[in-house]
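Structural characterization, general
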Amino acid sequence: MAFIEIHNVTIKGVAAAVPERKEYNKDFPKLTEEQLEQYIKTVGVHERRCANHDGTLCTSDLCYAAADKLMKELKWNREEIGLLVFVSHTQDYKLPSTACILQDRLGLSKETMAFDVPLGCSGFVYGLGIAGSIVSQGFIKKALLLVGNTQSVYASPEDKSTALLFGDAGSAVALEFDKTQTESMKFHYQTDGAGYENLIVPDGGCRHPFNEHSMEMEEFDEGIRRNRLHEKMDGGAVFTFAFFNVPKSLKALIKEYEINPESIDYLLLHQANHFLCDGIRKKLKFDEDKVPYNIDRFGNTSGTSIPLLMVTELKEQLQSRLLRHLSCGFGVGLSLGSVCFTTNQIVVPDLMEIK
């Protein structure tokens, strides 16, 4: 079992940024008013923040804004930051790593360790484990975990399964080595690569390079028309993976580390689908007031959804007191990560809206 426990690391702050531009699901032209009402009621998405995908606003821009603001409010010396991890599947370029670009752009030292992690919905939990493990050794004292996606670029405007679901966002989490930290971060990870085709952009990579057929639009079902550079999603398969495996993972984490569920202040779930998340909540027997949502206003923002959720729904609580969180990110891969972590009066800048 993939359990990991990390000591001597504290979260100092979290920030998030979204595009200023909004898209409203009620305006989607490919479905009837009745169909749209049913979709919004079930999935829970009323509006989303989406970048104009012309290169003027990328994932790195959103993460840069979040990180820059967070460092300023923390009053961190940028020369002291020794690690930058950028978690995204919408990088600036095929190469180089976007983390290298952000190291320079953020004014960090050339002694900074910087690399990309190409993960989606589980990205925050994986990134927290990776960055936390490095910082826990004590050689790097301060680190930035940047998690973001502008995945609406992969959604066909004629595909109801993705166009109405995905939103864009970027986030920054500040981590610091702290020998006095008595609370550890506890993780459980899971991977089911047999389901990789359930969430996939078929063409444009090395396995299936861009070709003369990649941009041909095909009709797959009523309200689902896309090409091979758009994201293909088998919603039923992804739902089943999450509905059965997320509760198992969180229960395994609770059992392994003897966590008292009553001690948990908030259950922070990846904002994939309101109906799905509410089903997971009920399976775990958590009260509604302990499980915040923002999917109605931002949609599914992939790996960014958990830090974005913290900024939009828990800002006051995070700033004012000690909190214990149970969290799970799950989706594309198929990949899943669960974590129990604490925060204590951390810095949380207001949500930034970027033009």
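In short, a report on the structure. (Residues numbered from 1 in each chain as written. Predicted model: local features only at pLDDT ≥ 70, side-chain atom pairs only at ≥ 80, totals over all residues. Heavy atoms only, no water.)

A separate point is the sheet that holds strand β7 (residues 142-149). The strands that make up a sheet pair up through hydrogen bonds in the backbone, lying either parallel or antiparallel. Across the sheet, 6 strands lie side by side as β6-β5-β7-β8-β2-β17; this open sheet has mixed pairing. Every interior strand has two partners, whereas the edge strands, β6 (113-117) and β17 (352-354), have only one. Recorded for the sheet is a direction-independent mean angle of 20 degrees between the axes of neighbouring strands. In terms of strand pairing, strand β2 (residues 9-19) meets strand β8 (residues 169-177) through 8 bridges, oriented antiparallel. Note that in β8 the partner of Thr10 across the bridge is Glu176. In this fold helix α9 (residues 305-313) packs onto β2 and β8, with an angle of close to 85 degrees to the strand it touches most, β2. (Pairing = 2+ DSSP bridges. Helix = DSSP H or I, 4+ residues; strand = E, 2+ residues; numbered from the N terminus. Axes fitted to C-alpha atoms, helices over the stretch in contact; angles between N-to-C directions. Contact = heavy atoms within 4.5 Å.)

The alternating pattern of strand β14 (residues 266-269) places Tyr266 and Leu268 and Leu267 and Leu269 on opposite faces, both of which are buried. Where β14 and strand β15 (residues 322-331) come together, 4 bridges link them in parallel fashion. Directly across from Leu269, in β15, lies its bridge partner Cys328. (Buried < 20%, exposed > 50% of the residue type's maximum accessible area, 1.4 Å probe, protein only.)

So, about helix α2 (residues 59-74). For α2, which comprises 16 residues, the first-to-last C-alpha distance of 22 Å matches the rise-based estimate of 22 Å (1.5 Å per residue) to within 8%. For α2, the buried fraction is high: 12 of the 16 residues fall into the buried class. Residues Thr59, Ser60, Asp61, Leu62, Cys63, Ala65, Ala66, Ala67, Asp68, Leu70, Met71 and Leu74 constitute the buried set of α2. Buried residues in α2 make contact with β2, β5 (81-87), α3 (98-105), β7, β8 and β17. (Expected span 1.5 Å × (residues − 1).)

By the definition in use, this model includes 7 aromatic pairs. When the ring of Phe124 is compared with that of Phe341, the centres are 6.3 Å apart and the planes differ by 65 degrees; the resulting orientation is edge-to-face. Remark: Phe341 occurs in strand β16 (residues 335-344) and Phe124 occurs in helix α4 (residues 123-135); sequence separation between them is 217 residues. For Phe341, a relative accessible area of 1% corresponds to the buried category. A centroid spacing of 4.4 Å and a plane angle of 50 degrees characterise the contact between Tyr126 and Tyr189, whose relative ring orientation is tilted. Of this pair, Tyr126 sits in helix α4 while Tyr189 sits in strand β9 (residues 185-191), placing them 63 residues apart in sequence. Each member of the pair, Tyr126 as well as Tyr189, is classed as buried. Ring pairs connect the aromatic residues Phe239, Phe243, Phe244 and Phe275, which therefore count as one cluster. The aromatic ring of Tyr64 is capped on one face by Arg105, whose charged end is 4.3 Å from the ring centroid. Here the guanidinium or amino end of Lys283 rests over the ring plane of Phe243, the centre of that ring lying 4.1 Å away. (Phe/Tyr/Trp six-rings, centres within 6.5 Å; stacked < 30°, edge-to-face > 60°. Lys NZ or Arg CZ within 6 Å of the ring centre and 35° of its normal.)

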